[in-house]
Amino acid sequence: MIETFLWLLGYQFAGELLARSLGWPIPGAVLGMLFLFLTLCVRKGIPDTLRHNVPRLMTHMSLLFIPAGAGILAFWPLLAERPLAMAAVLLLSTLSTLLISALTLTLLLRWQQGRKARS
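All residue numbers refer to position in the chain's written sequence, counted from 1. For a predicted model such as this one, the threshold for reporting local features is a pLDDT of at least 70, and the threshold for listing and counting side-chain atom pairs is 80 or more; totals across whole chains, interfaces and linings nevertheless cover every residue. Water and hydrogen atoms play no part in the side-chain values, which are based on all heavy atoms of the structure.

1. Describing the overall build of the protein chain
- Regarding its fold elements, the protein chain presents 6 helices and 0 strands.
- Only DSSP runs of H or I covering at least 4 residues are called helices, and only runs of E covering at least 2 are called strands; the numbering of each starts at the N terminus. Listing each helix as α and each strand as β along the protein chain from the N terminus yields α-α-α-α-α-α.
- Two things to know: the radius of gyration comes from C-alpha atoms, and the globule rule equals 2.2 Å times the number of residues to the power 0.38. For the protein chain, whose C-alpha radius of gyration is 19 Å, the value lies well above the compact-globule estimate of 14 Å for 119 residues.
- C-alpha extents for the protein chain along the principal axes are approximately 60 × 35 × 30 Å.
- Summary of the burial criterion: residues with accessible area below 20% of their type's maximum are buried, those above 50% are exposed, and those between are partly exposed, where the area comes from a 1.4 Å probe applied to protein chains only. With 119 residues in all, the protein chain has 12% of them scored as buried.
- Sequence separation of at least 24 residues holds for 48% of the intrachain contacts in the protein chain that already meet a minimum separation of 6.
- Surface accessibility follows the Shrake-Rupley procedure with a 1.4 Å probe radius. Residue values consider only the protein chains on display as shielding. Counting only carbon and sulfur atoms, one obtains 75% of the accessible surface of the protein chain, whose full area is about 9900 Å². We call two residues in contact when some of their heavy atoms are within 4.5 Å.

2. A few points about the pattern of salt bridges
- Just to be clear on terms, a salt bridge is a Lys or Arg side-chain nitrogen sitting within 4 Å of an Asp or Glu carboxyl oxygen. Under the criterion given, the structure shown has 3 salt bridges.
- Of the charged contacts, one joins Arg-20 and Glu-16 as a salt bridge, the two residues approaching to 3.2 Å between their closest N and O atoms. In this pair, Arg-20 and Glu-16 both sit in helix α1 (residues 2-22), 4 residues apart, roughly one turn of the helix.
- For Arg-51, the salt bridge goes to Asp-48, with nearest N and O atoms at 3.5 Å. Separated by 3 residues within a single helix, Arg-51 and Asp-48 lie in helix α3 (residues 48-58), roughly one turn from each other.
- Residue classification places Arg-51 among the partly exposed residues on the basis of a relative accessible area of 44%.
- Take Asp-48: its relative accessible area is 48%, and that puts it in the partly exposed class.

3. A short note on the packing of aromatic side chains
- Within 6.5 Å between ring centres, the rings of Phe, Tyr and Trp (the latter by its six-membered ring) count as paired, and their orientation is classed by plane angle as stacked under 30 degrees, edge-to-face over 60, tilted in between. For the coordinates displayed, the defined rule picks out 1 aromatic pair.
- Judged by centre distance (6.0 Å) and plane angle (15°), the rings of Trp-7 and Tyr-11 are stacked. Highlighted residues: Trp-7 and Tyr-11, both in helix α1, separated by 4 residues, approximately one helical turn.
- Residue Trp-7 is classed as buried on the basis of its relative accessible area, which comes to 16%.
- Judged by its relative accessible area of 19%, Tyr-11 is buried.

4. Topic: the domain arrangement of the protein chain
- We note that the domain assignment places domain 1 (1-65) and domain 2 (88-119) within the protein chain.
- One C-alpha centre belongs to domain 1, the other to domain 2, and the line joining them spans 23 Å. A domain assignment, automatic or from a database, supplies the domain bounds used here.

5. Considering the environment of Gly-71
- With respect to the element layout, Gly-71 can be found in helix α4 (residues 65-74).
- With a relative accessible area of 24%, Gly-71 lands in the partly exposed category.
- Spatially, the C-alpha atom of Gly-71 lies 35 Å from that of Leu-108, the residues being 37 residues apart in sequence.

6. Some words on the packing of α1 against α3
- Lines fitted to the C-alpha atoms define the axes, with helices restricted to the stretch that makes contact. Angles between their N-to-C directions range from 0 to 180 degrees. At a closest axis distance of 9 Å, the pairing of α1 and α3 adopts a crossing angle of 85°. Comparing the axis directions of α1 and α3 gives the class roughly perpendicular. Facing α1, whose interface residues are Glu-3, Thr-4, Phe-5, Trp-7 and Leu-8, α3 presents Thr-49, Leu-50, Asn-53, Val-54 and Leu-57.
- Residues are sorted three ways: Asp, Glu, Lys and Arg are charged, Ala, Val, Leu, Ile, Met, Phe, Trp, Tyr, Cys and Pro are nonpolar, and all the rest, Gly among them, are polar. Its residues assigned to classes, the contact of α1 with α3 comprises 6 nonpolar, 3 polar and 1 charged. Orientation categories follow fixed angle ranges, with anything under 35 degrees roughly parallel, anything over 145 roughly antiparallel, 65 to 115 roughly perpendicular, and all other angles oblique.

Pasting the structure below:
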């Protein structure tokens with residue numbers, strides 16, 4: 001489990017370092033996940049430590065909503081000033097997430113069927 005945390009925190013640190021040093025408006029954790037994804041693509045595989053431990057960590061993903069809830073409480077006056085804008089942003093982000101997920105699933109299923117047909 002320690003090695004898994006080193007992988008995840010190392011990539012998050014690298015993302016934070018790059019985002020802050022270049023002044024990019026992208027969260028460092030997002031860049032870190034992108035770096036991890038690229039590393040796994042280059043390696044063409046998932047290390048055993050990540051394969052075995054990450055599913056256990058994913059059972060506790062609900063803890064990630066605590067900072068979001070704290071952010072809502074901290075910025076409530078600002079959010080309350082623009083209820084229509086907030087509703088529009090929530091609606092558009094939810095719909096775009098659903099649409100992109102559906103398109104990704106469709107493309108991956110087509111790709112998988114094409115691989116099965118060739119073999």
